[in-house]
Amino acid sequence: MKTYIEKHQDQMLQLLEKLVNIDSGSYDKAGVDQVGKLMKKLYQELDFEIKEIEQEEFGNHLIIKKKKQDNTKPTILIMTHMDTVFEKGTVKERPFRTDENRAYGPGVIDMKASLVSVYFAIRALLDSEKDSVYQVEILLTSDEEIGSLTSRELIEKRATDKKYALVMEPARKNGAIVSARRGKGLYTLEVIGKAAHSGIEPEKGRSAIEELAHKIIQFYEITDEEEGIHVNVGLIEGGTSVNTVSDHATAQIDVRFRTQEQVVEIKEQIKSIIESTEVDGTKVKIEGDINRPPMEKTEQTEQLLRIIKKVGDELDIFIKDTETGGGSDASFTSALGIPTVDGLGPIGGRAHRESEYLELNSFVPRTVLLAYVIDQLAKVNNE
């Protein structure tokens, strides 16, 4: 399998260029569907079954698997996404390019390189006539970058009968794969005050901005770095003019946490914050909730990691794992109790930025690693 992938490195780069040069921002349904059509065609040529889950607003999701005559059910779920964070027209401004060491372009590492890796890992398994290919179900989703609004339910449904979930977000810059992710909540805090002229009759006003300032401080006090809890007020808005006591103010609040048990305490703290006000005459309300559970490192995860690290050792690829605060679809499968490992894609960095890149020397090795991990997990399932 290793030799097969090495021989097809040029084809891997050609496919990557095609994918990167398709604008496929999460809200660009036509672009995401164009990526999906390309991948669908490639897998159909390998005689795979593709089920397309149509979406009205976002791109369609794809479920891909190789059907066996004895109706063997896949036990390994591989998850990728086709959407990027970049707006339509980005490709025209900065299309795919390479230098001696790296490839660049919108979504090159998050996660179009992974779409290529999965496809060529599957081709390598087929070329080696490995029955493990029948153990794999591949899920290509269209809205991961905006919180998996339509794909979460599909992910959870497809994962329920699987023994393992492999998530193809990129490896960390140092090559580490991801064994834990923090959960995430998103809230909108709204304060209603009373407007008044700040020079003529300020005493008649009730400042929403002043109350919001108190609330922001209280929200930041939820942060507990040692326990992995972090609050960030990322956006604030309020007021109508500099000489008017503000009657309205809002804040967008991001909450991260390490364990599911912390959710109860966080929600209690939020409830306590909004139950009273510091500025008399103002009112506070909040909308939002926890939208991603944490990906916790369990004993089952440890067992899966040991398999992956052993495969890496046999391939002379040193594998270490790490925790990250960023979210991904791995949280959904992990919360169901399914052994899940993330960051199995190629190595790169600066995701979501103009300088996003793929380390070219990681493209083949990480694809080889994926093929051998799939084969080894299938063997473990059959023991």
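Please read these numbers as outputs of a predicted model, since none were measured by experiment.

Participant: Describe the side chain of Asp23, naming the residues involved and giving the relevant values.
Facilitator: Note that Asp23 resides in the loop between helix 2 (9-20) and helix 3 (29-45). No salt bridge is formed by the buried Asp23, whose closest oppositely charged neighbour, Lys88, lies at an N-O distance of 5.2 Å. Looking at Asp23, its side chain comes within polar contact range of the main-chain nitrogen of Gly89, at 3.0 Å. At 3.4 Å, the side chain of Asp23 and the backbone nitrogen of Thr90 are in polar contact. In this view, Asp23 contacts Asp28, Gly31, Val32, Glu87, Lys88, Gly89, Thr90 and Val91; residues no more than four positions away in its chain are not counted.

Participant: Pulling in residues and values, what's your account of the sheet that holds strand 1 (residues 49-53)?
Facilitator: Across a sheet, paired strands are connected by hydrogen bonds in the backbone, their directions being either parallel or antiparallel. The mixed open sheet is built from 6 strands, whose spatial order is 1-2-6-3-7-16. The open sheet has two edge strands, strand 1 and strand 16 (340-341), and neither has a second partner. Where helix 11 (residues 360-382) meets the sheet, it contacts strand 3 (76-81), strand 6 (136-141) and strand 7 (164-167), and its direction lies at approximately 175° from that of strand 7.

Participant: Outline the packing of helix 2 against helix 11, listing residues and values.
Facilitator: Two elements in contact, helix 2 and helix 11, have axes whose closest approach is 11 Å; the angle formed by their N-to-C orientations is 110°. With respect to helix 11, the axis of helix 2 lies roughly perpendicular. Contact residues: helix 2 offers Gln9, Met12, Leu13 and Leu16, while helix 11 offers Leu360, Phe363, Val364 and Thr367.

Participant: Lay out the pairing of strand 9 (residues 183-192) with the relevant residues and their values.
Facilitator: The alternating pattern of strand 9 places Gly183, Gly185, Tyr187, Leu189 and Val191 on a buried face, while none of Lys184, Leu186, Thr188, Glu190 and Ile192, on the opposite face, is buried. Inspection of the sheet shows strand 9 paired to strand 13 (residues 248-257) by 10 bridges, in the antiparallel sense. Looking across to strand 13, one finds that Leu186 is bridged to Asp254. The pairing of strand 9 with strand 14 (residues 283-292) spans 9 bridges and is antiparallel. Across the sheet, Tyr187 pairs through a bridge with Gly288, a residue of strand 14.

Participant: Give me the sheet that holds strand 4 (residues 97-98): which residues, what numbers.
Facilitator: Here we have 4 strands laid out as an open sheet, ordered 4-5-18-17, and antiparallel in their pairing. The strands lining the two open edges of the sheet, one partner per strand, are strand 4 and strand 17 (348-349). Against the sheet, helix 5 (residues 108-127) makes contact with strand 5 (102-104), strand 17 and strand 18 (357-359), and its axis sits at roughly 50° relative to strand 18, the strand it touches most.

Participant: Break down the side chain of Asp28 for me, with residues and values.
Facilitator: With respect to the element layout, Asp28 can be found in the loop between helix 2 and helix 3. Assessed through its relative accessible area of 12%, Asp28 is described here as buried. Ignoring any residue separated from it by four or fewer positions in sequence, one finds Asp28 in contact with Asp23 and Lys88.

Participant: For unusual backbone geometry, give the residues involved together with the corresponding values.
Facilitator: Across the chain, the bulk of peptide bonds are trans and the bulk of non-glycine residues have phi less than zero. Going from Asp110 to Met111, the amide bond is cis rather than trans, its omega being -5°. Mapped onto the fold, Met111 is located in helix 5. Of note in the backbone geometry, His352 takes a positive phi value of approximately 75° without being a glycine. Summarising the element assignment, His352 is placed in the loop between strand 17 and strand 18.

Participant: A description of the pairing of strand 8 (residues 177-181) should follow, citing residues and the corresponding values.
Facilitator: In terms of residue burial, strand 8 counts as a mostly covered element, since 5 of its 5 residues are buried. With 4 bridges connecting them, strand 8 and strand 15 (residues 321-324) associate as parallel partners. Note that in strand 15 the partner of Ile177 across the bridge is Asp321.

Participant: Help me get a handle on the environment of Gly36, residues and values and all.
Facilitator: Structurally, Gly36 can be placed in helix 3. A C-alpha to C-alpha distance of 16 Å links Gly36 and Leu46, two positions 10 residues apart in sequence. With near-sequence residues (within four places) excluded, Gly36 lies in contact with Leu62 and Met82.

Rules used in this analysis
Residues numbered from 1 in each chain as written. Predicted model: local features only at pLDDT ≥ 70, side-chain atom pairs only at ≥ 80, totals over all residues. Heavy atoms only, no water. Helix = DSSP H or I, 4+ residues; strand = E, 2+ residues; numbered from the N terminus. Buried < 20%, exposed > 50% of the residue type's maximum accessible area, 1.4 Å probe, protein only. Lys, Arg positive; Asp, Glu negative; His and termini not counted. Salt bridge = Lys/Arg side-chain N within 4 Å of Asp/Glu carboxyl O. Polar contact = N/O pair within 3.5 Å; in protein donor to acceptor, adjacent residues only side chain to side chain. Contact = heavy atoms within 4.5 Å. Pairing = 2+ DSSP bridges. Axes fitted to C-alpha atoms, helices over the stretch in contact; angles between N-to-C directions. Parallel < 35°, antiparallel > 145°, perpendicular 65-115°, else oblique.

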